[in-house]
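A closer look at the structure
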Amino acid sequence: MGKRIGMEVAIAAAEAVALCNIDVAAVYPITPQSHIAEHMADIIHDGRIDAEFITVESEHSAISACAGASAAGARAYTATSSQGLMLMHEILPIVSAMRLPICMANANRAVSGPLNIWNDHGDIMPQRDSGWICLFTENGQEAIDLSIMSFKIAEDPEVMLPCVVNIDGFQLTHMIEPLELPSQAEVAKFLPPRKPFAQLHPDNPISMGCFAMPDTYTETVKAKETALINSKKIITRVFSEWAKRFGRKYNVVETYRTKGADTLMLTMGSMGETAATAVDEMRKAGKKVGLVKLRLWRPFPVEELKAAIKECKTLIVMDRAISTGGAGGPVATDIKSLLYGDKTRPRILNVIAGLGGRDLTVEDFVAMFEMAKKKKDETYELYGVRE
Amino acid sequence: MNSVQNFEIFAPKLIDRKEYISAGHRACQGCGEVLALRHILKALGDDVVVANATGCMEIISSGYPQTAWEVPYVHVAFENAAAVGSGVEAALKALRRKGRIADRDVKTIAVAGDGGTADIGLQALSGAMERGHDMIFFCLDNEAYMNTGIQRSSATPFMAATTTSPAGKAIPGQRTQKKNVPEIMVAHKVPYVATACPSYPIDLINKVKKAKEVKGPAYVHVFSMCPTGWRCASEITIKMGRLAVETGVFPLYEVENGKYRLTMEVPGKLRPVGDYLKPQGRFRHLGPSDIEKVQAQVIREWEILLNKVECMQPW
Amino acid sequence: MAKKKTEQKKWPEKWHEVNPGCMVFAAGSAANYKTGSWKSQRPLTDNAKCIKCGICYIFCPEACIQEVKDGFFEANLDYCKGCGICAHECWPGAIVMREEEE
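All values derive from a computational prediction rather than experimental measurement.

Each helix and strand in chain C was counted, giving two helices and four strands. Reading the helices (α) and strands (β) of chain C from amino to carboxyl end gives β-α-β-β-α-β. By the compact-globule yardstick of 13 Å for 102 residues, chain C is too spread out, its C-alpha radius of gyration being 18 Å. If one aligns the C-alpha atoms of chain C with their principal axes, the spans along those axes are about 55 × 35 × 20 Å. A buried classification covers 43% of the 102 residues belonging to chain C. In chain C, the proportion of contacts linking residues at least 24 apart, taken out of those at least 6 apart, comes to 60%.

A word on the interface of chain A and chain B. Contact with chain A, which involves 41 residues of that partner, is made by 43 residues of chain B. Mapped onto the side of chain A that touches chain B, the elements with two or more residues apiece are β2 (24–27), β3 (52–55), α3 (59–71) and β9 (207–208) of chain A. A breakdown of the residues in the side of chain A that touches chain B according to their chemical character gives 25 nonpolar, 10 polar and six charged. In the sheet, β9(A) pairs with strand β2 (residues 73–75) of chain B via two bridges, with the strands oriented parallel. Paired with A:Met208 across the bridge in β2(B) is B:Val74.

A pair of packed helices is characterised by two quantities: the angle between their axes and the separation of those axes. All names here are of chain A. Relative orientation of the contacting elements helix α9 (residues 271–284) and helix α12 (residues 362–374) amounts to 60°, with a least axis distance of 8 Å. It follows that α9 is oblique to α12 by the angle criterion. Judged by the twist between their axes, the crossing of α9 over α12 is right-handed. Residue-level contacts link Thr274, Ala275, Thr277, Ala278, Glu281 and Met282 of α9 to Val362, Phe365, Val366 and Phe369 of α12. Broken down by class, the residue content of the contact of α9 with α12 amounts to seven nonpolar, two polar and one charged.

We now examine the environment of A:Thr277. For A:Thr277, the location among the structural elements is in helix α9. The exposure class of A:Thr277 is partly exposed, given the 15 C-beta atoms found within 10 Å.

It is worth spelling out the confidence of the model for chain B at this point. Of the residues in chain B, 96% reach a pLDDT of 70 or more, and the chain-wide mean stands at 95. Taken as a whole, residues 1–10 of chain B scores under 50 in pLDDT and shows 10 contacts with residues more than four places along the chain or in a different chain.

This paragraph deals with the sheet that holds strand β13 (residues 296–298) of chain A. Judged by pairing direction, the sheet is mixed, and its seven strands sit side by side in the order β3-β2-β4-β5-β7-β6-β13 (chain A) without closing on themselves. The sheet terminates laterally at β3 and β13 of chain A, the two strands that pair on one side only. Neighbour-to-neighbour, the strand axes of the sheet open up by a mean angle of 20°, direction not taken into account. Strand contacts of α3(A): β2, β3 and β4 (76–80) of chain A, with the helix running at about 165° to β4(A), the strand carrying the most contacts. Strand contacts of helix α3 (residues 81–97) of chain B: β2, β3 and β4 of chain A, with the helix running at about 160° to β3(A), the strand carrying the most contacts.

We now examine the sheet that holds strand β3 (residues 107–113) of chain B. Pairing is mixed in the open sheet, where nine strands are placed in the order β9(A)-β2(B)-β1(B)-β3(B)-β4(B)-β6(B)-β5(B)-β7(B)-β8(B). On the outer flanks of this sheet lie β9 of chain A together with β8 (259–262) of chain B, each paired with one strand and no other. Lying over the sheet, helix α1 (residues 32–44) of chain B contacts β1 (48–52), β3, β4 (135–141) and β6 (218–223) of chain B, oriented at roughly 160° with respect to β4(B). Here α3(B) sits on the sheet and contacts β1, β2, β3 and β4 of chain B; the angle it forms with β3(B), its principal contact strand, is near 175°.

Here the focus is unusual backbone geometry. In this model, A:Arg298 is joined to A:Pro299 through a cis peptide bond whose omega is 0°. A cis amide bond, omega 10°, links B:Tyr64 with the succeeding residue B:Pro65. With a phi angle near 60°, A:Arg99 is a residue other than glycine that sits in the positive phi range. Overall, the presence of 26 C-beta atoms within 10 Å leaves A:Arg99 in the buried class. Positive phi values are uncommon outside glycine, yet B:Ile150 reaches one of about 70°. Examined against the element boundaries, B:Ile150 turns out to sit in the loop between β4 and α6 (181–187). Judged by the 23 C-beta atoms lying within 10 Å of it, B:Ile150 falls in the buried class.

Contact with chain B, which involves 32 residues of that partner, is made by 33 residues of chain C. If you list the elements that add at least two residues to the side of chain B that touches chain C, you get α1 and α9 (237–246) of chain B. For the side of chain B that touches chain C, the per-class residue count stands at 16 nonpolar, 10 polar and six charged.

Below, the discussion takes up the environment of B:Glu235. Along the polypeptide, B:Glu235 turns up in the loop between α8 (227–230) and α9. As for B:Glu235 and B:Cys31, which are separated by 204 residues in sequence, their C-alpha atoms are 9.7 Å apart. Every residue in contact with B:Glu235, bar those within four places of it in the chain, is listed here: B:Gly30, C:Cys83, C:Gly84, C:Ile85, C:Ala87 and C:His88.

The next thing to look at is the packing of helix α1 (residues 9–18) of chain A against helix α2 (residues 34–45) of chain A. All names here are of chain A. Running from amino to carboxyl end, α1 crosses α2 at an angle of 45°, the nearest separation of the two axes being 8 Å. Taken together, the axes of α1 and α2 lie oblique to each other. For the crossing formed where α1 meets α2, the hand is right-handed. Here Ala10, Ile11, Ala13, Ala14, Val17 and Ala18 of α1 lie close against α2, whose contacting residues are His35, Ile36, His39, Met40 and Ile43.

Within the largest apolar cluster, 271 residues are counted, with the highest numbers of intra-cluster contacts made by A:Ala13, A:Val24, A:Ala67, A:Ile316 and B:Val88. Among the elements that make up this core, the one with the highest residue count is α3(B) (10 residues). Among residues more than four places away in sequence, those in contact with A:Ile316 are A:Thr263, A:Met265, A:Leu266, A:Leu349, A:Val351, A:Met368, A:Phe369 and A:Ala372.

Parameters at a glance
- Residues numbered from 1 in each chain as written.
- Chains lettered and ligands numbered in written order.
- Predicted model: local features only at pLDDT ≥ 70, side-chain atom pairs only at ≥ 80, totals over all residues.
- Helix = DSSP H or I, 4+ residues; strand = E, 2+ residues; numbered from the N terminus.
- Rg over C-alpha atoms; globule rule 2.2 N^0.38 Å.
- Buried ≥ 20, exposed ≤ 12 C-beta atoms within 10 Å, placed from the backbone.
- Contact = placed C-beta atoms within 7 Å.
- Nonpolar A, V, L, I, M, F, W, Y, C, P; charged D, E, K, R; others polar.
- Pairing = 2+ DSSP bridges.
- Axes fitted to C-alpha atoms, helices over the stretch in contact; angles between N-to-C directions.
- Parallel < 35°, antiparallel > 145°, perpendicular 65-115°, else oblique.
- Left-handed = near helix turned anticlockwise from the far one by under 90°.
- pLDDT = per-residue confidence, 0-100.
- Core = buried A, V, L, I, M, F, W, Y, C linked by C-beta atoms within 7 Å.

Okay, structure coming up:
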């Protein structure tokens, strides 16, 4: 167990990436990601790491530059949030289709309109079909650990897919926590320099990003889908290796006091910590409740989730985003779909809350558990909306 | 400074004989753009990496499972050739420094059409040039979005008919003047900016070689004759390029660190612009007064350029 | 890293056979497609008139005109699209275009 020092999570994330022997970072600032971009700039301008820092002129160019860099064999990194991620939207599925293992931090922030710089998951949800591996962090240590692991996962020859690590904007990025950074030597042992499957260089001229006719496109979809689904195996393997080396164990689905619970709540991201406190309070009062925390969003960890919820009667699925005009929150919608064919499944209650940075307190989570008891139908709840 | 009339007969024999774009590509018959690309690559040689925007050149050359490219090539999207190129350039720099690739110069080039340069690609181009990447950006200008069926771009010349600026009863073709991207590049203080035309292959090759020598950004705007989109016979492709230069519609010049220099000698007066407009179906609807308007504008632009050649000093 | 330059792709490919990311490893493989079928006219060269200047070679967009024995130039009809540029540009008029039906 190494030394822990107080660090702002965004700064720590940048420090973690700096340990990863990146070759190119292309970043464009946006609140609340900017501290990651700025600290990355500090590190590179001070010569602490040998990497090219491209201060691009937009997020679209950030991800495009990363695509070019990754195609040329570099370990490439970027970070963004909200509107920036939306601007990258066009390129995200291209990067995953081209099998470029770019790693990105996303400081979750609400999407305009109206303009809102505070935390929710409305920015990452529209990207769920993009073919990226998508991980969520709950605290600063996870932000450090997952940032480093993301490179190893993405670059694995059986994966070769880009990976985004979600860090709740302000709620997590701007928190100061006692954090432990692994040493450079430890990270170097865990993460060797990138060995690309293919790269752009005249020593072996290849063409990348060729177009596909209708006779081939479907097969490329299957190939990408299969790669993404299979990546869960490698993610689990990397988590185990991390546990061996650094003593911190991660799972694609985390469970907290789920044993014997008849009602479970599912969260993603930093709200999990607050929800856990609510669970503790309610357990003290004798309520049989527990918490499931989805760490891996894409590929969706179907077996692990089903195993976590198999004993409960009610599952409250917390969404920090809405699929407007659809079936409610994206996470609840996915879970309902995946459970549709099962003979036994819990009653699922979708609660959409914490939008646009609206704070979620322990009392709110307790209230949600109470509401779950009373609610008769299965329509989604837009928690806290003033009507 | 020779125009094609004084062309050295032996010069073609000095051109690199290797082909970097294989035959079998799907360009239209008589495509001036792929011809330009052919000579650009001959001027650069093997040690390049090409970042190409979506467009004619990308579609005719890189349909899976085949590629016409004999050099490393990447295509990502339409508006980001310069951004992708920036990333490639940075990667090659970093990897070479870290000893993960061979220790020799490899030039990054970005290739885009007029749409991918002057319209949707302008932001990325501006950013890349401002950041000073060691990269040549080639605009292959066929004066419309040809790949998608001849829609107008900001590089479409005044009064040209395209499918989105048709020669209609109320509005006769393109309403605006051609956007001057080389000037925008000079304003970015790009150390080497040039215009070129494949009808003048030695001039084109020399300019590309000059651009290659720059340790930093360079921009070459290449006139790309398009018989399909301009509605003219495929065999006069080269002639159309010559006429564009001789009438002053597309002057050949270069700007080195701010100093302008014509690389063409135009004997006496400019040729009347009607000679250039008449063989092209996209200008078919122009009457005599329209041609006069175009002529006046060409002369005006030419004089402005001559002024710059005379007055502008290096930065 | 060395990769096989040429690869025989059997068509149509199953999903696991498609190259990752639709990369193409065989540089210049477009040459497998013979564009010569596009032409409706073909260039015919009279070597008696040819001055071996190489202009036809320079201006061919297909790069299908290559130097042959004794320094003359010949179009590879497998790729020639019959655009007529070579005939138009040839100074001594050594190249003429003939309709394919003839």
